[in-house]
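As a plain string of letters, each chain reads:
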Amino acid sequence: MNAWRRTAVLLLWAWSGFAAADQPPLGKLPESAVPLHYALRFRIDPAAEGFSAAAAIRIALRAPSDHVWLHARAMDVERVEWRDAAGRTRKARFVPIKDRDVARVDFGERVAAQELTLQFAYRARYNAQLEGLFRTQRAGKPYVVTQMEPVSARRAFPGFDEPRFKTPFDLSIELPAGAKAVANTAQVTEEPLDGGWRRISFRTTPKLPTYLVALGVGPWDIVDGKPIAPTRWRETPVPLRAVAPQGEGHRLAEVLEATPAILTALEDYFGYPYAFGKLDLLAAPDFSAGAMENPGLVVFRESLLLLDRNTPTFLRRASFEVNAHELAHQWFGDTVTMPWWDDLWLNEAFATWMEGRITQRLRPAHRADLQGIAAAQHAMAADSLASARRVRQPIRDNGDIEGAFDSLTYGKGAAVLGMFEAWLGENVFREGLRQYMRDHAFASATSDDLIAALQKAGDKDARFGAAVRSFLDQPGVPLVRSELTCDGGKPQLALVQQRYFPLGSGGNAAEQRWGIPFCVRLQQGETASTQCRLFDTASTAMPLDGPCPDWYLPNAQARGYYRVALARTDLAALTRVAGKLDDREQLAYADAIKAGFERGDVDAAAVLDAIGQLSAARTREAAFALRETLVWIRRNLADDATRAAIDAYVERRYLPRLTALGYLRRDGESEDDALWRADLVELLARTIESKPVRAVLVAQGKAVLAGDGNGRLRFGAANYDLLGSVLAVTVQELGAPAVDALLAELANNSDATLRLSMAMALGATVDAKLGERVREFAIGPGARIGETARILRTHQYEPRNRAALWAWFQRRYAEVVAHTPAFVHGDLPELVAEGWCERGQARSVAQFFARDAGKVDGTAQGLARAEEAIVLCAAQREKHGAAALQRWAESQEKRE
């Protein structure tokens, strides 16, 4: 054998020996190698189809090995080398593992434990589904933006793509003439390259996980804001900028004005300075989430940052609230990071809870307290399913990771935090959080670390920790049954706790118990009081102070994450005073009615009576709290006659308020008036299809379609707060002319807010032929990736569309998956089955997704929820029937 052949055989033997060394990791990467530092250089032309890059990762090899595992996906690695601690560089082999998102780097020899550097040269296409490095367009100009969370950094660079691995990053970007670049940190150098290209380098980041690395390249407008002044916690100002697509910089003024107060309020709460140097806020033309908390470069969907006098009021408020959420992440998530995705709630629940706290402090008119209660009740609906997951759910694969970004992580997690804050007291709770922040800054921390900090701050025993964990480590929402007795003038509440399940559920959790911070509001005459206790047994008798109350509410101030079921006479007493309850407690009452109806304990007549009580509420949140239940009754229990009675009843109670407000904006009106008007219009025009209200909206819609004389629609002819409702009703009433006009405008309009109003209006069509056009548009090049699911969800909401949408969806499933962001995929079974109420439909959806959707991450969870929701709907319809509704309708006739 000649020398060349002998060498080749030996090399082949050496390389092949590594394949059997260990199996590709399915979840976490092994501990045998950890990253210490990344140096990333990207060459990005937004007009191209992809990018090239080089990555150097310094790692600590903790034990002798001939290979390391890391994450990489959808990249063409052209060269990989490794450099040892002595500075010698050798070739390595890059072995991607199909369908695993991981790759093995083979050294070609056994290497002693040491620090070494992995060097990669590679190319990749821009992602088409708003992940990793993706390209989007506005007004015909391309932009490149990043979205790395949760598992898409591996699409942008090879690395250790798990949150526990926090390292510094050095980033440089080569870009063509006319483009600008922004990243997590400030620019430090710029050097010219051939052909008009430049290389921009950025300051080294603090320690970050891969999912927080961010950049943006394109012809941006970059607008300087006033630097955020030093505070008692921070000695230097924070440079503040906002970044918008070309020509839109003038619409950034409002967010630049609002941001400093948010940041300083957060510093005051945490007693810890903003730690990332500068702060840029970037408006992306298309984005999969509302926003992303990348330190130093927070990326938003453009509609949340590009504000002007025509911006709908709900978006103006959402801009502030989402900004508060993302900036709260700079502490929870960015400064202190969960080590693994089973503790995602530490990021998202805290940011949600803190968003409400900061909004309530700085913008009290937003009523963030009521929004928080509504979000908790929305989470309770999901948590009531037998298929509900735990907040701290074990994470096995990417589908589990994507599925963790749900209402349980955000809404339930935030509600649990608020409940235990109320139990400990605001000051004690804050001190526990401050200590947690100091102890774990720029490192990782778990739920146990947080619970220990709060327990210590509150000087509590293990019972406190057990109570918190009872809400995190088991699924479900507790139901507290209560009955008041006053024997011998001594009032007492009999309490029983169990897991809440709706009627028809197959769930069985007789042994589940929670440590519930239980508080009851008591009213006797003009005297009100509140009593609390930690309720952590199956049942108890709770003696009450004072005389026997006239009524009680067993979730005082709606601060508890639990549902309630009052004894029949107790609920009747509460219903009589529902209109006099305070704003928060009206929401607790509404949920008691909703939960009782879904269990079969409260009938449709009682729901409608409760709606009548709440219709005159002071707040929108209470006045519309039972709207979803109203829709369900109207669609599933009513016939033509009883539906007409329901519609007349609702119109009598809500239309006078809309008439008083009018349909147009008024000079000097409050934001709350504008929001009341929009909610009233949606209820009256879309839910009960009030003819007089729809007529007004169609008149505005016709004026929009009449155009501006230059071939474009005249959106200013409608009230911008009502534009979505105006266009949807116009599509339903006018049909093809309206659809044609909206499709033509969408082909030329880049404004994300206007586009979404038009796209969702198209989804509202109930015409069979137009429906097919709209569905095809949703997966075609005319719709943005972030618009598709919203169009289809609006389309499914209309019962007349469901059969056609289901048939189409089965044919076009692959295209729907390709035209939606990854985080939507797990929700597709629920999207397409929303509102179904026949048991046979549950079998149909199960058969389809089991056969054709197993390869899509997260679908199994969504399918379980969709099947269960259909079965529950069928069971509730069978239980309730039409008799109670018929009796109610007859009683309405007599009253008239």
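The coordinates are above.
Read on for a plain summary of the structure. (Residues numbered from 1 in each chain as written. Predicted model: local features only at pLDDT ≥ 70, side-chain atom pairs only at ≥ 80, totals over all residues. Heavy atoms only, no water.)

### A word on the packing of aromatic side chains
The final tally for this structure, using the stated rule, is 43 aromatic pairs. An angle of 85 degrees between the planes, with centres 5.6 Å apart, marks the rings of Trp-806 and Phe-848 as edge-to-face. Placement of Trp-806 in helix H25 (residues 802-818) and of Phe-848 in helix H28 (residues 839-852) is noted, with a sequence separation of 42 residues between them. For the pair Phe-809 and Phe-848, a centre-to-centre distance of 6.1 Å together with 65 degrees between the ring planes defines the contact as edge-to-face. Taken as a pair, Phe-809 in helix H25 and Phe-848 in helix H28 lie far apart in primary sequence, 39 residues in all. Each member of the pair, Phe-809 as well as Phe-848, carries the same accessibility label: buried. Counting every residue linked through ring pairs, the aromatic cluster contains Tyr-269, Phe-270, Tyr-274, Phe-276, Trp-331, Phe-332, Trp-345, Phe-350, Trp-353, Phe-429, Tyr-436 and Phe-442. A cation over a ring is seen here: Arg-563 above Tyr-500, with NZ or CZ 4.7 Å from the ring centre. The ring of Trp-676 has Arg-657 lying over it, and the distance from NZ or CZ to the ring centre is 3.8 Å. (Phe/Tyr/Trp six-rings, centres within 6.5 Å; stacked < 30°, edge-to-face > 60°. Helix = DSSP H or I, 4+ residues; strand = E, 2+ residues; numbered from the N terminus. Buried < 20%, exposed > 50% of the residue type's maximum accessible area, 1.4 Å probe, protein only. Lys NZ or Arg CZ within 6 Å of the ring centre and 35° of its normal.)

### Considering helix H20 (residues 723-734)
Here H20 spans 16 Å end to end across 12 residues, near enough to the 16 Å set by a 1.5 Å rise per residue. Counting buried positions along H20 yields nine of 12 residues, so the element is predominantly enclosed. By the burial criterion, the buried members of H20 are Leu-723, Ser-725, Val-726, Leu-727, Ala-728, Val-729, Thr-730, Val-731 and Gln-732. Packed against the buried residues of H20 are helix H18 (671-687), helix H19 (691-705), helix H21 (736-746) and helix H22 (752-763). (Expected span 1.5 Å × (residues − 1). Contact = heavy atoms within 4.5 Å.)

### Points about the pattern of salt bridges
A side chain of one charge can pair with a side chain of the opposite charge if their charged atoms are brought near each other. The full count for this structure, using the stated rule, is 76 salt bridges. Measuring nitrogen to oxygen at the nearest pair gives 3.7 Å for the salt bridge that ties Glu-131 to Arg-155. Of this pair, Glu-131 sits in the loop between strand E8 (114-125) and strand E9 (132-138) while Arg-155 sits in helix H2 (residues 153-156), placing them 24 residues apart in sequence. This pair shows no difference in class: Glu-131 is buried, exactly as Arg-155 is. (Salt bridge = Lys/Arg side-chain N within 4 Å of Asp/Glu carboxyl O.)

### Observations regarding the packing of helix H4 (residues 313-328) against helix H5 (residues 345-362)
One can describe the packing of H4 onto H5 by two numbers: an axis separation of 8 Å at closest approach and a directional angle of 130 degrees. In terms of orientation, H4 lies oblique with respect to H5. Crossing geometry of H4 relative to H5 is assigned as right-handed. Mapping the contact onto sequence places Phe-320, Glu-321, Ala-324, His-325 and Ala-328 in H4 and Glu-348, Ala-351, Thr-352, Met-354, Glu-355, Ile-358, Thr-359 and Leu-362 in H5. (Axes fitted to C-alpha atoms, helices over the stretch in contact; angles between N-to-C directions. Parallel < 35°, antiparallel > 145°, perpendicular 65-115°, else oblique. Left-handed = near helix turned anticlockwise from the far one by under 90°.)

### Topic: the pairing of E9
Of all seven residues making up E9, five are buried, and the element is well covered by its neighbours. Inspection of the sheet shows E9 paired to strand E10 (residues 141-147) by seven bridges, in the antiparallel sense. Following the sheet pairing, Gly-132 is matched in E10 by Gln-147. Here E9 folds back onto E10, and the loop between the two strands holds two residues, one of which, Ala-139, carries a positive phi near 50 degrees. (Pairing = 2+ DSSP bridges.)

### Notes on the sheet that holds strand E18 (residues 279-284)
Taken together, five strands build an open sheet; the order of strands is E16-E17-E18-E20-E19 and the sheet is mixed. This sheet does not close on itself; its edge strands, each paired only once, are strand E16 (221-224) and strand E19 (291-292). As paired strands, E18 and strand E20 (residues 297-301) are joined by five bridges and run parallel to one another. By the bridge assignment, Ala-284 is partnered in E20 with Arg-301. Running at roughly 145 degrees to strand E17 (residues 240-244), helix H3 (residues 253-270) makes contact with E16, E17 and E18 of the sheet. Lying on the sheet, H4 is in contact with E18, E19 and E20; it crosses E20 at an angle near 150 degrees.

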